[in-house]
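Residue strings, one per chain:
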Amino acid sequence: MSTGFHPLTIAEVRRETADAVSIRFDVPDALKPLFTFRPGQHLTLRADLEGQDVRRNYSVCVAPQEGELRVAIKRVAGGLFSGFANEALKPGMVMEVMPPHGAFTWAFDPQAANRYVGFAGGSGITPVLSLLKSALLAEPKSRFTLLYGNRDTASIIFLEELAGLKDRFIDRLSILHFLEDEEEEVELFNGRLDRAKCAELLERVVSVADIAAFFVCGPGPMMDAVEQSLLERGVARDKVLLERFTADRPDAAQAAATAARAAEAAGAKVTLVLDGRRRSISFDPALGNILENARAAGVPAPYACKAGVCATCRGKLVSGKVEMGANYGLTAAEVEAGYILTCQSVPVGADVVVDYDA
Ligand code: FES
């Protein structure tokens, strides 16, 4: 992954619902290789707002086959960036954008005849839509079922596009909407995607044994309910792909444990490799983690959420040991391969080497 930001011009701002827009970027030819994305990945956008360097990750809502780069941004209550995006962004404006990254993706194969299921809640539809369209476009023999939860009809992002896709892929796409605040005739479609509803769906609607992958993105409680229900029904963990947008704040005990680990690492030598350059620093526990130490030393290590969710700060631990706090952003395979979230990691012992280019 290239770690730098690149200025991209906004080609289009499309209002999707009263509180969500999608943004299409112009990608100049010279940057096209860098901005080639896999379905379900996200971009980190950066802006200076109210005197702060604000960074947020937004998922692509298109398939690579569609030939455009577009993300969706839903306004969240009090959200500095999402409010700015929904009110102020206009075509012609230039934004700082980091190339696509993220492991919530799938290598679709034109020969495959698979079944996929997407569970989406609210703006969690964004990466799921990218995966859904990619599955249908890339694999002519595959099918996709989307289970999509929202408050009410007016808040459904991509409602029309989904209806169009359903017409286009009539034999291969099923979409079931679940609404919390509107009464449908069929009781199954009323209410939120909680544990009981998921269990019922897996009993009545989805035959889990036939599914190649489940793509899950939405509010935390919904994702937990879906994940637990799938695992309970014996679905293998590696078939359940999760994309979290937010994490709970660590509680006081966790925060104290992290601070204690950081204190033990005082003065430890940490070597950072970024854009081919090596730099060694002495770990300062007051800064909390490897990412903050890197940035304080002038190493422009990438980041967005600083909460263990987005994996923008990912680096490969090529020697030494670290302890990592929250990890919502790396897959088990990435952890196995030695990747760490530097915003959550403190060195254990000396001679830690972290490669951001790997
Ligand atoms: S900055 Fe998002 S996981 Fe570290």
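Residues numbered from 1 in each chain as written. Predicted model: local features only at pLDDT ≥ 70, side-chain atom pairs only at ≥ 80, totals over all residues. Heavy atoms only, no water.

Q: Now, about the nonpolar core: what can you tell me, with residues and values included?
A: Counting 32 residues, the largest nonpolar core has Ile125, Leu132, Phe144, Leu146, Leu162 and Phe215 as its most contacted members. Mapped onto this core, the elements with two or more residues apiece are β7 (115-121), α2 (125-138), β8 (143-150), α3 (159-168), β9 (173-179) and β10 (213-217). Examining the composition of this core, we find that 8 residues originate from one element, α2, more than from any other. Mapped onto the domain boundaries, this core takes at least three residues apiece from domain 1 (6-100) and domain 2 (115-243). When sequence neighbours within four positions are dropped, the list of residues in contact with Phe215 reads Phe104, Trp106, Phe108, Tyr116, Val117, Gly118, Phe119, Val128, Leu131, Phe144 and Leu241. (Core = buried A, V, L, I, M, F, W, Y, C linked by side-chain atoms within 4.5 Å. Buried < 20%, exposed > 50% of the residue type's maximum accessible area, 1.4 Å probe, protein only. Helix = DSSP H or I, 4+ residues; strand = E, 2+ residues; numbered from the N terminus. Domains from an automatic or database assignment. Contact = heavy atoms within 4.5 Å.)

Q: Explain the sheet that holds strand β3 (residues 42-49) residue by residue, including any values.
A: Backbone-to-backbone hydrogen bonds pair the strands of a sheet. The strands run either parallel or antiparallel. Read from one edge to the other, the open sheet built from 6 strands follows the order β4-β3-β6-β1-β2-β5, with strand pairing classed as antiparallel. If you trace the sheet from one side to the other, it starts and ends with β4 (52-59) and β5 (69-74), each paired once. Each adjacent strand pair in this sheet contributes to an overall mean axis angle of 40°, direction not counted. In the sheet, β3 pairs with strand β6 (residues 94-101) via 4 bridges, with the strands oriented antiparallel. (Pairing = 2+ DSSP bridges. Axes fitted to C-alpha atoms, helices over the stretch in contact; angles between N-to-C directions.)

Q: Tell me about the pairing of β9, residues and numbers included.
A: In terms of burial, β9 is a largely internal element, 5 of the 7 residues being buried. With 7 bridges joining them, β8 and β9 adopt parallel strand pairing. In the strand pairing of β9, Phe144 is matched with Leu173. Chirality of the crossover, the property in question, places the unit of β8, α3 and β9 among those that are right-handed. (Right-handed = clockwise from strand over helix to strand, strands pointing away.)

Q: So what's going on with the domain arrangement of the protein chain? Which residues, and what values?
A: Here the protein chain is partitioned into domain 1 (6-100), domain 2 (115-243) and domain 3 (252-355). Averaged C-alpha coordinates put domain 2 and domain 3 at centres separated by 35 Å.

Q: An account of a negative patch on the surface is requested, with residue identities and associated values reported.
A: On the surface, a cluster of negative charge is made up of Glu183, Glu184, Glu185 and Glu187. Among the structural elements, Glu184 can be located in the loop between β9 and α4 (195-204). What makes Glu184 partly exposed here is its relative accessible area of 33%. (Patch = residues over 30% accessible without salt bridge, like charges linked within 9 Å, V, L, I, M, F, W, Y side chains within 5 Å. Areas by Shrake-Rupley, 256 points an atom, 1.4 Å probe, with all protein chains shown as cover. Salt bridge = Lys/Arg side-chain N within 4 Å of Asp/Glu carboxyl O. Lys, Arg positive; Asp, Glu negative; His and termini not counted. Charge placed at Lys NZ, Arg CZ, Asp CG, Glu CD.)

Q: Account for unusual backbone geometry, naming residues and giving values.
A: With a phi angle near 65°, Phe158 is a residue other than glycine that sits in the positive phi range. Looking at the secondary structure, you find Phe158 in the loop between β8 and α3. Its identity is not glycine, yet Asp351 carries a phi of approximately 60°, on the positive side. Looking at where Asp351 falls in the secondary structure, it is placed in strand β16 (residues 345-355). Asp351 sits in the partly exposed class, given a relative accessible area of 44%.

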